[in-house]
Amino acid sequence: MINLFIDTSASDVSIAVLKEDKVLSEINKNIPNKHSIYVVPFIDEVLKNVALTPDMVEKIYVVTGPGSFTGVRIGVTIAKTYAYLKKIPLTAVSSLKMLALSKEGETILSLIDAKHNHYYLGLYDKNKEEIIKEHFANKDEVLEIIEKYHPVIVSNEEINNEEIKSSKQKLDVSKIISYYQNEQEENYFSIKPNYLKLPQALEDKHD
């Protein structure tokens, strides 16, 4: 099966085409605030690199967040449109779990910086099952989790402050697809961005 992986949840955009869980072609580039310009050309490029056409893609895996509000929305919209037009299955991927899947460890804490001393987090065991459900948390809670579990910390960007440190984790797309290929496929209309927390401006609007 030819699979397409789309991740626009961070400033790095990752696009890959795989046969089963073997990566055939991959692009990973840092293009902050330019996702809408480059994602579709990147998809075309990874396919052309291995002499494939869009019609040959049989399944899409899209990262639904949490992460960049605009980036996630762009990736999900492109994936849903592609899946709908080609009538192929679509599977949602968590940005926090995919970081954990890309790292080995007994206990793994995935952190995505949400700014202002807040983080999106998920805590996983060695089998990548949740110990603590993915959620939005303040810095104090993150420090309590670190003190209690002593986890390996992974993030989609470097975190370097006095109390929390993590290098930028390179995604292992093969492991991500291998894990998610057994997850339930979703209807393209039902997949939505998983923000965990809306931007403040939108929260104020809903109040």
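Position labels on residues start from 1 in each chain and follow its written sequence. The model is predicted, so local features are restricted to residues of pLDDT at least 70 and side-chain atom pairs to those at 80 or more, both for listing and for counting; the totals for chains, interfaces and linings are taken over all residues. Where side-chain values are given, they derive from all heavy atoms of the structure, hydrogens and water being excluded.

In DSSP terms, a helix is any run of H or I states spanning at least four residues, a strand is any run of E spanning at least two, and both are numbered starting from the N terminus. Looking only at helices and strands, one finds six helices and 11 strands in the protein chain. Atoms counted for the radius of gyration: C-alpha only. Globule rule: 2.2 Å times the number of residues to the power 0.38. At 17 Å, the protein chain has a C-alpha radius of gyration in line with the 17 Å of a compact globule built from 207 residues. Taking the principal axes of the C-alpha coordinates as reference, the protein chain spans close to 50 × 40 × 30 Å. Across the 207 residues of the protein chain, 47% fall into the buried class. It only takes one pair of heavy atoms within 4.5 Å for two residues to be counted as in contact. Considering only contacts within the protein chain whose residues lie at least 6 apart along the sequence, 61% involve residues at least 24 apart. Here the Shrake-Rupley method, with its probe set to 1.4 Å, supplies the accessible areas, and only the displayed protein chains count as covering residues. With an accessible surface of roughly 10,600 Å², the protein chain has 48% of that area assigned to carbon and sulfur atoms. Charged residues are defined here as Lys and Arg on the positive side and Asp and Glu on the negative side; His and the ends of the chain fall outside this count. Each charge is placed at NZ for Lys, CZ for Arg, CG for Asp and CD for Glu. One finds the centroid of the 25 positive side-chain charges in the protein chain at a distance of 5 Å from the centroid of its 31 negative side-chain charges. Burial classification: accessible surface area is computed with a 1.4 Å probe over protein chains only, and a residue below 20% of its type maximum counts as buried, one above 50% as exposed, and the rest as partly exposed.

Along helix α5 (residues 173-180), the positions that sit buried rather than exposed are Val 173, Ile 176, Ile 177, Tyr 179 and Tyr 180. Angularly, the buried residues of α5 cover 160° about the axis, an arc narrow enough to put them on a single face. Packing partners of the buried residues in α5 comprise β1 (2-7), β2 (12-19), β3 (22-30), β4 (59-65), β5 (90-94) and α3 (95-101). In this context, the arc is that of the directions from the helix axis out to the C-beta atoms.

Side-chain rings of Phe, Tyr and Trp (the six-membered ring for Trp) are treated as a pair once their centres are within 6.5 Å; stacked means planes under 30 degrees apart, edge-to-face means over 60, and tilted covers the remaining angles. In the structure shown here, the tally under the stated rule is four aromatic pairs. On the basis of an interplanar angle of 55° and a centroid distance of 5.7 Å, the ring pair of Tyr 120 and Phe 136 is categorised as tilted. In this pair, Tyr 120 sits in strand β7 (residues 118-125) while Phe 136 sits in strand β8 (residues 130-138), placing the two residues 16 residues apart along the sequence.

By definition, a salt bridge exists where a carboxyl oxygen of Asp or Glu is found within 4 Å of a side-chain nitrogen of Lys or Arg. Considering all chains together, one arrives at five salt bridges under this definition. Lys 175 is the salt-bridge partner of Glu 104, the closest N and O atoms lying 2.9 Å from each other. With Glu 104 in the loop between α3 and β6 (107-115) and Lys 175 in helix α5, this residue pair connects regions lying 71 residues apart in the sequence. A relative accessible area of 52% means that Glu 104 is categorised as exposed. Notably, a salt bridge pairs Glu 163 with Lys 139, separated by 2.7 Å at the nearest N-O pair. Highlighted residues: Glu 163 in the loop between β10 (159-160) and β11 (165-166) and Lys 139 in helix α4 (residues 139-149), separated in sequence by 24 residues.

Now for the environment of Val 46. Along the chain, Val 46 falls in helix α1 (residues 35-49). On a C-alpha basis, the gap between Val 46 and Val 142 in space is 37 Å, while along the polypeptide they are 96 residues apart. Not counting residues within four places of it along the chain, the set of residues in contact with Val 46 comprises Leu 4, Ile 15, Val 17, Ser 25, Glu 26 and Ile 27.

Here, strands pair whenever DSSP counts at least two bridges between them. The strand order across the open sheet formed by four strands is β8-β7-β6-β9, and the pairing between neighbours is mixed. Bordering the open sheet on either side are β8 and β9 (152-155), each of which pairs with just one other strand. Geometrically, the sheet is characterised by an average inter-axis angle of 20° between neighbouring strands, direction not taken into account. Where β7 and β8 come together, six bridges link them in antiparallel fashion. Here an angle of 0 to 180 degrees is reported between the N-to-C directions of two axes, which are lines fitted to C-alpha atoms, with helices fitted over the stretch in contact.

For the rest of this paragraph, the subject is the confidence of the model for the protein chain. For every residue, the predictor assigns a confidence score, pLDDT, that lies between 0 and 100. Averaged over every residue, the pLDDT of the protein chain is 93; the share at 70 or more is 95%. Taken as a whole, residues 200-207 scores under 50 in pLDDT and shows four contacts with residues more than four places along the chain or in a different chain.

All right, on to the sheet that holds β5 then. In sheet architecture, strand pairing relies on hydrogen bonds along the backbone and comes in two forms, parallel and antiparallel. Across the sheet, five strands lie side by side as β3-β2-β1-β4-β5; this open sheet has mixed pairing. The strands lining the two open edges of the sheet, one partner per strand, are β3 and β5. Neighbour to neighbour, the strand axes of the sheet diverge by 15° on average, direction disregarded. Pairing analysis gives six bridges linking β1 to β2, with the strands arranged antiparallel. Each bridged residue has a counterpart across the sheet, and for Asp 7 the counterpart in β2 is Ser 14. Contacts from α1 reach β1, β2 and β3, with the element oriented near 25° to β2. Its contacts with the sheet put helix α2 (residues 69-86) on β1, β4 and β5, and the angle it makes with β4 is roughly 155°.

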